[in-house]
Amino acid sequence: MASIIRSTHLTSALKRSFASRGFASTAFAQSKELKARFEELLPTKIDEIKRLRKAHGNTVIGELLLDQAYGGMRGIKGLVWEGSVLDADEGIRFRGRTIPDLQKELPTAEGGSEPLPEGLFWLLLTGEVPTAAQVKDLSAELAARSELPKHVTDIIDSAPKFLHPMAQLSIAVTALESESSFAKAYEQGVNKKELWKYSYEDSLDLLAKLPTIASRIYRNVFHAGDANNIPAKKDLDYSANLATQLGYGSNQEFLELMRLYVTIHADHEGGNVSAHTTKLVGSALSSPYLSLAAGLNGLAGPLHGRANQEVLEWILELKSKLGDKIAPADIEKYLWDTLNSGRVVPGYGHAVLRKTDPRYTAQREFALKHMPDYDLFKIVSNIYEVAPKVLTKHGKTKNPWPNVDSHSGVLLQYYGLTEQQFYTVLFGVSRAFGVLPQLIIDRAIGAPIERPKSFSTEKYAELVGFKL
């Protein structure tokens, strides 16, 4: 009974919080449509999982090789991730849909052709494609939640300009823990079956605030804090607000790029560092704020999200050394020089994929439509023709095809967003759309804390009968 009283009290507090931010009660009622639909679907989902575990809980679904234990657990089947599945040959599917499917089925902005990431969030959470009206309501709700508390803006503004933007993003998200409905609910003893509702509220608040955080970091670091306070507008979609807050709102093509960029960078199954870290920390019942901050720290690594920055630096270095007229033979030599120096060719290869990344293809098609004569795009295209042959001959790369990072920086450069250090921040904003739905689902189905078993080298040797 005490839990019910506390839950009711917290729900009332949430409504007062919405009202204080200028979000009218009627709009609040509309905004609950996604939450209500998820709650309606939840009993069926929980029943599916129970029946699956009861029937096949002891069924072996994979074998562990010693190399996998020492190779970063690559390929081990051990995570549940509902939003997307990555097949080595087929590529990514979001709730069973390819990127071209998303481009056809998800609602778009008026006059636009790229999917709205708000629609993807709805799809990842429920498995259903939302209507245009549902996405419009969700866009308005996110805009209404976008304002930052003063202590967070103070923290961002006081950060030294030399601190990497990803570190600043992580710090700001962590500081938002003060606003966590989930943390407050847990502290007051809310029934664990109700915790997903507070994960939902935190997730939407967090998603809403990320463009405001990102744009403030961008303007502080690269534009001397110019016009810091550009508020989100309720009549704009999420990507349009992001572009506007960054200072690029007048360019309709850039708005379309942001819609595509956020959508294709959102989710890539659960085994990548940022997704798995977010899920792992969330399994300890840390709030969505602390969980995402942990994931962002993983995304900041050069072997993960920061690769997009390194790709562009490598391409610009190639252009600087080879000049404007670059022949395929010049690219081939540059690729071999890179490999022979002990470096990897950035933007090529993938831990899972064994084909061209469909996210690369989507960006290439965008470039062919909007910037076919752009010099850096031509270089990327020429590398695409040469690199797979060189990497195949080199023999040390399991996947000689380009990944998502090969293209994204060049598209941003074309529209004037040239600050490479900021690119991973945009990746971080995008990745939240994929990992936050899974946090909500995990709390809704009562997923346990993650606790895999580890062994020492001596113990592994003993297990396989090897004498060290």
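Residues numbered from 1 in each chain as written. Predicted model: local features only at pLDDT ≥ 70, side-chain atom pairs only at ≥ 80, totals over all residues. Heavy atoms only, no water.

Each aromatic ring pair is characterised by the separation of its centres together with the angle its planes make. Summed over all chains, the structure comprises 14 aromatic pairs. The interplanar angle of 55° and the centroid separation of 5.0 Å between the aromatic rings of Tyr360 and Tyr384 together place this pair among those described as tilted. One end of the pair, Tyr360, is in helix α17 (residues 358-370); the other, Tyr384, is in helix α18 (residues 375-394), with 24 residues separating them in the sequence. Taking relative accessible area as the criterion, Tyr360 reaches 1% and is therefore assigned buried. An aromatic cluster is present here, built from Tyr248, Phe254, Tyr374, Tyr414 and Tyr415 joined pairwise through their rings. (Phe/Tyr/Trp six-rings, centres within 6.5 Å; stacked < 30°, edge-to-face > 60°. Helix = DSSP H or I, 4+ residues; strand = E, 2+ residues; numbered from the N terminus. Buried < 20%, exposed > 50% of the residue type's maximum accessible area, 1.4 Å probe, protein only.)

Turning to the pattern of salt bridges, a few remarks are in order. Tallied over the full model, the rule gives 23 salt bridges. In this structure, the salt-bridge partner of Arg259 is Glu256, at a minimum N-O distance of 2.9 Å. Here Glu256 and Arg259 lie together in helix α12 (residues 252-265), a separation of three residues that amounts to about one turn. Accessibility expressed as a relative area gives 5% for Arg259, which makes it buried. Exposure remark for Glu256: the relative accessible area of 9% places this residue in the buried category. The shortest N-O distance in the salt bridge between Arg343 and Glu317 comes to 3.7 Å. Taken together, the positions of Arg343 in the loop between α16 (328-340) and α17 and Glu317 in helix α15 (residues 307-322) put the pair 26 residues apart, joining distant regions of the chain. When salt bridges with common partners are traced through the structure, they connect Lys35, Glu141, Arg145, Glu201 and Asp205 into a single cluster. (Salt bridge = Lys/Arg side-chain N within 4 Å of Asp/Glu carboxyl O.)

Before going further, it helps to spend a moment on the packing of α15 against α18. Direction vectors running N to C along α15 and α18 enclose 100°, while the axes themselves pass 11 Å from each other. In terms of axis orientation, α15 runs roughly perpendicular to α18. Contacts between α15 and α18 involve Trp314, Ile315, Leu316, Leu318 and Lys319 on the former and, on the latter, Asp375, Leu376, Ile379, Val380 and Ile383. Per-class residue counts for the contact of α15 with α18 are eight nonpolar, no polar and two charged. (Axes fitted to C-alpha atoms, helices over the stretch in contact; angles between N-to-C directions. Parallel < 35°, antiparallel > 145°, perpendicular 65-115°, else oblique. Contact = heavy atoms within 4.5 Å. Nonpolar A, V, L, I, M, F, W, Y, C, P; charged D, E, K, R; others polar.)

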